Amino acid sequence: MYVPEDRRCSRGDGWGVTTVAPVPKNLALASNGGTIANSSSNGANYPAAAAINGIRHPNALHDAGGTWLPLGWSSPEWLEATFVSTKNISEISVIFMRDSSVDTTNPTLSDTGASFIATAFNIQYWDGDSWEAVPGTTVSGNDKIWRQFTGLSINTTKIRWNFVTPGVSGTVVVCEVEALGI
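Each chain carries its own residue numbering, running from 1 in the direction its sequence is written. In view of the model being predicted, local features appear only for residues whose pLDDT reaches at least 70, and side-chain atom pairs are presented and counted only at 80 or more, with totals across whole chains, interfaces and linings using the full set of residues. Side-chain metrics in this entry use all non-hydrogen atoms of the structure; hydrogen atoms and water are not considered.

Let's shift gears to the overall build of the protein. Put simply, DSSP H or I for four residues or longer makes a helix, DSSP E for two residues or longer makes a strand, and each gets a number counted from the N terminus. Within the protein, the regular secondary structure consists of 0 helices and 8 strands. For the protein, the N- to C-terminal ordering of α and β elements is β-β-β-β-β-β-β-β. Exposure is judged per residue with a 1.4 Å probe applied to protein chains only, and the accessible area is read against the type maximum: over 50% gives exposed, under 20% gives buried, and values in between give partly exposed. When each of the 182 residues of the protein is scored for burial, the buried share is 42%. Should any heavy atoms of two residues lie within 4.5 Å, those residues are counted as being in contact. Contacts in the protein between residues at least 24 apart in sequence constitute 76% of all its contacts with a sequence separation of at least 6. Reported accessibility uses the Shrake-Rupley method at a 1.4 Å probe radius. Residues are deemed covered only where the shown protein chains occlude them. Just so you have it, the protein exposes about 9400 Å², and 52% of that area is on carbon and sulfur atoms.

Attention now moves to the environment of P76. Take P76: it is sitting in the loop between strand 2 (35-38) and strand 3 (77-96). Classification of P76 as partly exposed rests on a relative accessible area of 38%. Separated by 37 residues in the primary sequence, P76 and S39 place their C-alpha atoms 8.3 Å from one another. Not counting the four nearest positions on each side in its chain, P76 is found in contact with N162, F163 and V164.

Along the polypeptide, Q124 turns up in strand 4 (residues 118-126). Assessed through its relative accessible area of 19%, Q124 is described here as buried. Between the C-alpha atoms of Q124 and E80, which are 44 residues apart in sequence, the distance is 9.2 Å. Counted as a polar contact is a pair of N or O atoms within 3.5 Å, where, for protein atoms, one must be capable of donating a hydrogen and the other of accepting one, and residues adjacent in sequence contribute only when both atoms are in side chains. Among the polar contacts made by the side chain of Q124, one reaches the side chain of N162 at a distance of 2.9 Å.

Take the side chain of S115 next. Counting through the fold element by element, S115 comes out in the loop between strand 3 and strand 4. Every residue in contact with S115, bar those within four places of it in the chain, is listed here: D99, G167, V168, S169 and T171.

Oppositely charged side chains are able to pair whenever their charged atoms sit close together. By definition, a salt bridge exists where a carboxyl oxygen of Asp or Glu is found within 4 Å of a side-chain nitrogen of Lys or Arg. Per the counting criterion, the structure on display carries 4 salt bridges. Between E80 and K158 there is a salt bridge whose closest N-O contact spans 3.9 Å. Note that E80 is positioned in strand 3 and K158 in strand 7 (residues 154-166), a separation of 78 residues in sequence. Residue R98 is joined to D111 by a salt bridge in which the shortest nitrogen-to-oxygen separation is 3.1 Å. Here D111 lies in the loop between strand 3 and strand 4 and R98 lies in the loop between strand 3 and strand 4, a separation of 13 residues in the sequence.

A few words on the packing of aromatic side chains. Note on ring pairs: Phe, Tyr and Trp rings are taken, using the six-membered ring of Trp, and paired if centres are within 6.5 Å. Classes follow the plane angle, with under 30 degrees stacked, over 60 edge-to-face and the rest tilted. For the coordinates displayed, the defined rule picks out 6 aromatic pairs. Here F96 and F163 contribute two aromatic rings whose centre-to-centre distance is 5.9 Å and whose plane-to-plane angle is 75°, an arrangement assigned as edge-to-face. Of this pair, F96 sits in strand 3 while F163 sits in strand 7, and the two are 67 residues apart along the sequence. The buried category is assigned to F96, whose relative accessible area is 1%. The exposure class assigned to F163 is buried, which follows from its relative accessible area of 0%. A centroid spacing of 6.3 Å and a plane angle of 50° characterise the contact between F121 and F163, whose relative ring orientation is tilted. With F121 in strand 4 and F163 in strand 7, this pair connects stretches of sequence that are 42 residues apart. Assessed through its relative accessible area of 1%, F121 is described here as buried. We call a charge positioned over a ring when the NZ of a Lys or the CZ of an Arg lies within 6 Å of the ring centre and within 35 degrees of the ring normal. Geometry around W126 places K158 over its ring, the cationic atom sitting 5.1 Å from the centre.

Remember, this is a structural readout, not a statement about activity or role.
Structure (structure tokens):
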């Protein structure tokens, strides 16, 4: 008996089956269930929650809850993102505020700054018992607004960004932290 092509069954032999890999998403985002803790905050206008709101260029919102600013400076100042469950993290980023508060363009990996960046920092992950260094994420001499670390494969429930040395302003201002994974 003839069966039209659009009515045939594949019998599980793989014909016409396409496998799609999951697309990594920013698991630190509040909208993806991420939560954030911090070492200190310079008041309600500079909450840690601003670092996981998905806005990479909030310079115009700096004094209105758009960035995280620690209280004074006590090294290290830190932000810690917690995920809803253990996740595999493949990429981690931090985006600092630009030197010019009127520049609200999205940052690029080549953009530089001096005032509100961390010139030295490191990133850690929680292994269930203690904080461990994320390989290749200890930075000194930084002048970049956006630092991105790719090619990672870390299973964890938390990521911590430790800001050791501030830029010329004497503090660090963070627009966004990101932890991409599945």
